[in-house]
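What follows is each chain in one-letter form.
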Amino acid sequence: MLGHLGFSYVGLIYLLMLFIPNIIWSKNKPIDYSGASENKILLLFERAGQVCCTCSALIFIDFNIAPFSAWSLWLAASFFLMVIYEVCWIRYFTGEHTEENFYRSFYGIPVPLASLPVAAFLLLGIYGKVIWMIASAVIIGIGHIGIHIQHLKALK
């Protein structure tokens, strides 16, 4: 449950899937977007979770692809969520750059640009049986999803 140290190419792929759209987003933020009113406690959880998730994704070899077993379904489900996450980014980038578009649900999934990667990293932690990733996903989930919900409520 503690994990085996080593480089995870799967973790690197996940981080690239996460960081590339966010870098593009930083140049295409929603109109009138401001993070000034974000809850400082949630922001602390988000930042701590980001650091822990990033480190965990890269330093545990347990996330790399292993011979297929029923346990591999956790990785498949996790990767599927990351693919949906990319689809949601494409939807945002090809649509209007508004907060309504940024925070809108995707087939019933609330704040998908926050909830999907958190769920994907949680499932990745389960797949790798790495408690550090599971805990990191919970921590970032509290902060990141909480902040997105806060922004969504402010729109209404």
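Residues numbered from 1 in each chain as written. Predicted model: local features only at pLDDT ≥ 70, side-chain atom pairs only at ≥ 80, totals over all residues. Heavy atoms only, no water.

K.L.:
What is the right way to read helix 5 (residues 112–128) from this model?
P.N.:
Side chains of residues three or four places apart in an α-helix project in the same direction, reflecting 3.6 residues per turn. Under the 1.5 Å per step criterion, the end-to-end length of helix 5 is 23 Å for 17 residues, consistent within 8% with the ideal 24 Å. Counting buried residues along helix 5, 14 of its 17 residues qualify, which places the element largely inside the surrounding structure. (Helix = DSSP H or I, 4+ residues; strand = E, 2+ residues; numbered from the N terminus. Expected span 1.5 Å × (residues − 1). Buried < 20%, exposed > 50% of the residue type's maximum accessible area, 1.4 Å probe, protein only.)

K.L.:
Sorry if this is basic, but what is going on with the UniProt feature "transmembrane region" (unreviewed entry) in the chain here?
P.N.:
Per the UniProt annotation, the sites labelled "transmembrane region" (unreviewed entry) are residues 6–25, 73–93, 105–124 and 130–149. Helix makes up 85% of residues 6–25 and strand makes up 0%, while its end C-alpha atoms are separated by 31 Å. The straight-line gap between the two end C-alpha atoms of residues 105–124 is 23 Å; of that span, 65% is helix and 0% is strand. (UniProt positions renumbered as here; feature names shortened; annotations may be inferred.)

K.L.:
What should I look at first to understand unusual backbone geometry in this one?
P.N.:
Glycine aside, residues mostly have negative phi angles, and peptide bonds mostly take the trans form. Here the phi dihedral of Tyr 107 falls at roughly 45°; this positive angle occurs in a residue that is not glycine. Along the chain, Tyr 107 falls in the loop between helix 4 (99–103) and helix 5. Taking relative accessible area as the criterion, Tyr 107 reaches 78% and is therefore assigned exposed. Phi angles above zero are rare outside glycine, and Val 111 is one such case at about 30°. Within the element layout of this structure, Val 111 appears in the loop between helix 4 and helix 5.

K.L.:
Mind showing me how you'd approach the side chain of His 148 here?
P.N.:
Its location among the elements puts His 148 in helix 6 (residues 131–155). A relative accessible area of 8% places His 148 in the buried class. In contact with His 148, not counting residues within four places along its chain, are Phe 102, Tyr 103, Val 111 and Ala 114. (Contact = heavy atoms within 4.5 Å.)

K.L.:
Teacher, can you tell me more about the packing of aromatic side chains here?
P.N.:
Inspection of the entire model under this criterion finds 12 aromatic pairs. With 4.8 Å between their ring centres and 75° between their planes, Phe 102 and Tyr 103 make a pair best called edge-to-face. For Tyr 103, a relative accessible area of 2% corresponds to the buried category. Here the aromatic residues Trp 25, Tyr 85, Trp 89, Tyr 92, Phe 93, Phe 102 and Tyr 103 are joined through ring pairs into a cluster of three or more. Between Lys 129 and the ring centre of Trp 71, over which it is positioned, the NZ or CZ distance is 4.8 Å. (Phe/Tyr/Trp six-rings, centres within 6.5 Å; stacked < 30°, edge-to-face > 60°. Lys NZ or Arg CZ within 6 Å of the ring centre and 35° of its normal.)

K.L.:
Would you explain the packing of helix 1 (residues 9–26) against helix 5 in this entry?
P.N.:
A pair of packed helices can be characterised by two numbers: the angle between their axes and the separation between those axes. Two elements in contact, helix 1 and helix 5, have axes separated by 12 Å at closest approach and are oriented at 175°. Comparing the axis directions of helix 1 and helix 5 gives the class roughly antiparallel. Within the contact between the two elements, helix 1 uses Val 10, Tyr 14, Leu 15 and Leu 18 and helix 5 uses Pro 117, Ala 120, Phe 121 and Leu 124. (Axes fitted to C-alpha atoms, helices over the stretch in contact; angles between N-to-C directions. Parallel < 35°, antiparallel > 145°, perpendicular 65-115°, else oblique.)

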